[in-house]
Amino acid sequence: MYPLLHDGDVIYINRVNFNRIKINDLVCARKKNKMFTHRVIYRTKNYLITKGDSNVSADGKIYVRNMVGKVYKIKRNGEIIDPESLYLIQSSLYFKEIVKVKKAFEKENLNFVFLKGLPLHLYYQGIHPRRFYADCDLLIERNRFKNATRILKNLGYVKFDTSLSRTQKRLRDKEVEIDFLKIVNGFPILFDIHLEAAFLMVQLGQIDRLYPQKLIDAFTAKLLQEKRHIDINIQRFPILSKENLFIYLVLHLYHHNFQGTHRFDLIKKLINKEELKYSTILETISKFRLDNFIYPCMFLFNKYYKLRNASIPLNGLRPSTAAIRLTKRNIRSVNIFDDEDRISSGVKRFENAFFLSPNNYLRKSLIFLNKQVLYSIYLVFSHRFSNILKSFS
């Protein structure tokens with residue numbers, strides 16, 4: 001549960017009614033003769049799913065018989081800590097930094113929009129998050145990136161390199177997403193600056209063989225043009241239009257290999273709060289050839305979540321026969337509660353991008369002549385071969 005819980009911490013628990021346990025509550029449970037304290041990430045009437053914040057795998061189903069209690073305070077080095085207070089401190093610092101960046105961008109007349117992050121959480125949830133917030137994503141015009149970089153550096157941020165290696169970074173033919181990091185009172189504040197509405201393999205740069213770059217460019221322009229503003233704590237934030245936000249959040253879920261219940265939860269809040277024009281959504285999906293990527297996401301939604309009008313986007317989509325077959329054969333069994341290590345998630349992301357690509361088979365097969373793809377394949381095999389050698393040492 002790091003960074004919330006540290007070794008040596010003492011937790012205090014209360015017995016609570018099972019039906020009153022909520023998403024993001026910290027609970028102590030016992031399963032297979034092991035006791036653990038993890039976060040609730042999903043629940044039904046009969047069971048919970050819990051997972052450690054820094055764990056790759058979830059704990060499976062937690063029933064009433066497994067419950068020990070709910071954590072209500074933590075003792076560390078003789079001091080009592082309220083987890084809810086820690087979340088509030090972190091999100092308050094984050095919000096303050098977001099406002100600084102927003103005002104600086106507005107001062108230089110940058111065309112930008114918040115794709116996701118704390119402003120959207122506050123707008124759709126109505127309260128500060130009950131967990132540490134990871135990052136904040138903004139989309140800006142590519143020709144204003146230098147301005148954005150200067151602004152962020154003046155505010156104390158530094159570029160945070162997420163490349164797999166120096167060679168991979170050098171081979172990348174363009175930047176799609178750049179991270180900026182700053183530590184504020186011990187808390188990391190991270191901004192992901194997107195230069196285009198990319199949702200496939202951002203580490204590879206341009207992969208026109210799998211999805212036309214001209215459509216990415218047109219979709220990016222659409223997102224920047226069709227925006228709206230929301231008010232939070234007397235501040236106005238530019239975000240995507242309702243319909244475009246739905247599409248982007250679903251594509252973001254696709255990008256993460258359909259995993260992460262918090263991504264499902266945000267889309268659920270959007271659907272339940274807004275009156276979405278599904279005809280407009282379907283028209284955009286068709287225009288930008290996104291059916292194959294959206295379809296498996298909505299398939300999993302219908303499997304795990306009960307949503308108002310959830311069947312409309314699914315029934316109106318026109319995925320290829322191959323996409324339907326892949327979804328029913330492989331994607332339907334995806335464990336949305338688990339995470340993956342970076343190498344495994346990258347491999348799965350490439351497989352999904354290849355088989356769900358709307359391009360014909362011959363055209364998308366040419367992606368294997370891409371030097372970035374070839375080098376990435378080399379990295380994967382090197383990593384796995386190294387792990388095999390370590391297992392014998």
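As the structure is a prediction and not an experimental result, all values here were calculated from the model.

Thresholds, definitions, all that
Residues numbered from 1 in each chain as written. Predicted model: local features only at pLDDT ≥ 70, side-chain atom pairs only at ≥ 80, totals over all residues. Heavy atoms only, no water. Helix = DSSP H or I, 4+ residues; strand = E, 2+ residues; numbered from the N terminus. Buried < 20%, exposed > 50% of the residue type's maximum accessible area, 1.4 Å probe, protein only. Contact = heavy atoms within 4.5 Å. Areas by Shrake-Rupley, 256 points an atom, 1.4 Å probe, with all protein chains shown as cover. Expected span 1.5 Å × (residues − 1). Polar contact = N/O pair within 3.5 Å; in protein donor to acceptor, adjacent residues only side chain to side chain. Core = buried A, V, L, I, M, F, W, Y, C linked by side-chain atoms within 4.5 Å. Pairing = 2+ DSSP bridges. Salt bridge = Lys/Arg side-chain N within 4 Å of Asp/Glu carboxyl O. Phe/Tyr/Trp six-rings, centres within 6.5 Å; stacked < 30°, edge-to-face > 60°. Axes fitted to C-alpha atoms, helices over the stretch in contact; angles between N-to-C directions. Parallel < 35°, antiparallel > 145°, perpendicular 65-115°, else oblique. Nonpolar A, V, L, I, M, F, W, Y, C, P; charged D, E, K, R; others polar.

## A short note on the overall build of the chain
A count of helices and strands for the chain gives 14 helices and 14 strands. Referenced to the eigenvectors of the C-alpha coordinate spread, the extents of the chain come out at roughly 60 × 50 × 50 Å. Here the chain, with 393 residues, has 54% of them falling under the buried criterion. Counted over contacts in the chain with a minimum sequence separation of 6, partners at least 24 positions apart contribute 69%. Per element, the accessible surface of the chain, about 19800 Å² overall, is 52% carbon and sulfur.

## A word on helix α12 (residues 342-356)
With 15 residues, α12 extends 21 Å from end C-alpha to end C-alpha; this agrees with the ideal 21 Å at 1.5 Å per step. What α12 keeps buried is the set I343, S345, G346, R349, F350, N352, A353, F354 and L356. If you check the start of α12, you find a side-chain oxygen 3.1 Å away from the backbone N of I343, and it comes from D341.

## With respect to the nonpolar core
With 112 residues, the main nonpolar core has F105, F246 and L290 as its most contacted residues. The biggest single contributor to this core is helix α1 (residues 83-107), with 10 residues. The next biggest cluster of nonpolar side chains, apart from the first, holds 9 residues, and it includes F18, A29, L48 and M67.

## Let's talk about the pairing of strand β14 (residues 235-240)
The side chains of a regular strand alternate, first on one face of the sheet and then on the other. Among the 6 residues that make up β14, 5 are buried, leaving the element largely enclosed by the rest of the structure. Note: strand β13 (residues 227-232) against β14, 6 bridges, orientation antiparallel. Looking at β14, one finds that D231 is bridged to R236. Joining the antiparallel neighbours β13 and β14 is a turn of 2 residues, in which N233 adopts a positive phi near 50°.

## A few points about the pattern of salt bridges
The tally for this structure, following the rule as stated, stands at 18 salt bridges. Ionic pairing is found between E84 and R130, a salt bridge with its closest N-O pair at 3.1 Å. Taken together, the positions of E84 in helix α1 and R130 in the loop between α2 (118-125) and β9 (136-140) put the pair 46 residues apart, joining distant regions of the chain. Of the residues examined, R130 reaches a relative accessible area of 18% and is grouped as buried. In this structure, E97 engages K100 in a salt bridge whose closest nitrogen and oxygen atoms are separated by 3.4 Å. Of this pair, E97 and K100 both sit in helix α1, 3 residues apart, roughly one helical turn. Taken together, the shared-partner salt bridges in this structure form one network comprising D25, K70, E84 and R130.

## Regarding the packing of aromatic side chains
Taken as a whole and assessed by the stated rule, the structure comprises 32 aromatic pairs. Between Y157 and F191 the ring centres are 5.4 Å apart and the planes differ by 80°, which places this aromatic pair in the edge-to-face class. Linking Y157 in the loop between α3 (145-154) and β10 (158-160) with F191 in strand β12 (residues 187-194), this pair joins segments that are 34 residues apart in sequence. Owing to a relative accessible area of 2%, Y157 belongs among the buried residues under this scheme. For F191, a relative accessible area of 0% corresponds to the buried category. Seen from their ring centres, F264 and F301 are 4.8 Å apart, and the 65° between their planes marks the pair as edge-to-face. Within this pair, whereas F264 is found in helix α7 (residues 261-273), its partner F301 is found in helix α9 (residues 291-304), the two being separated by 37 residues in sequence. A residue is classified by how much of its surface remains accessible, and F301, at 0% relative accessible area, is buried. Ring-pair connections join several aromatic residues into one group, and the members of that group are Y42, F264, F301, Y304, Y305 and F337.

## Things to note about the packing of helix α6 (residues 242-255) against α9
Following both chains from N to C, one finds α6 and α9 inclined at 85°, their axes separated by 9 Å at the closest point. Relative to α9, the element α6 is oriented roughly perpendicular. In this structure, α6 uses F246, I247, V250, L251, L253 and Y254 to contact α9, whose residues at the interface are F293, I294, C297, M298 and F301. Classifying every residue of the contact of α6 with α9 by side-chain character gives 11 nonpolar, no polar and no charged.

## A few points about the packing of α7 against α9
Running from N to C, α7 and α9 point in directions that differ by 85°, and their axes come no closer than 12 Å. When the axes of α7 and α9 are compared, the pair comes out roughly perpendicular. Between α7, through F264, I267 and K268, and α9, the contact on the second element is made entirely by C297, L300 and F301. Classifying every residue of the contact of α7 with α9 gives 5 nonpolar, no polar and 1 charged.

## Description of the environment of P238
Checked against the element boundaries, P238 lands in strand β14. Once residues lying within four places of it in the same chain are set aside, the contact partners of P238 are F112, V113, F114, K227, R228 and H229.

## Digging into the side chain of N352
Considering the arrangement of structural elements, one finds N352 in helix α12. Excluding its chain neighbours within four sequence positions, the residues that come into contact with N352 are Y254, N257, F258, I331 and S357.

Keep in mind these values describe shape, not function.
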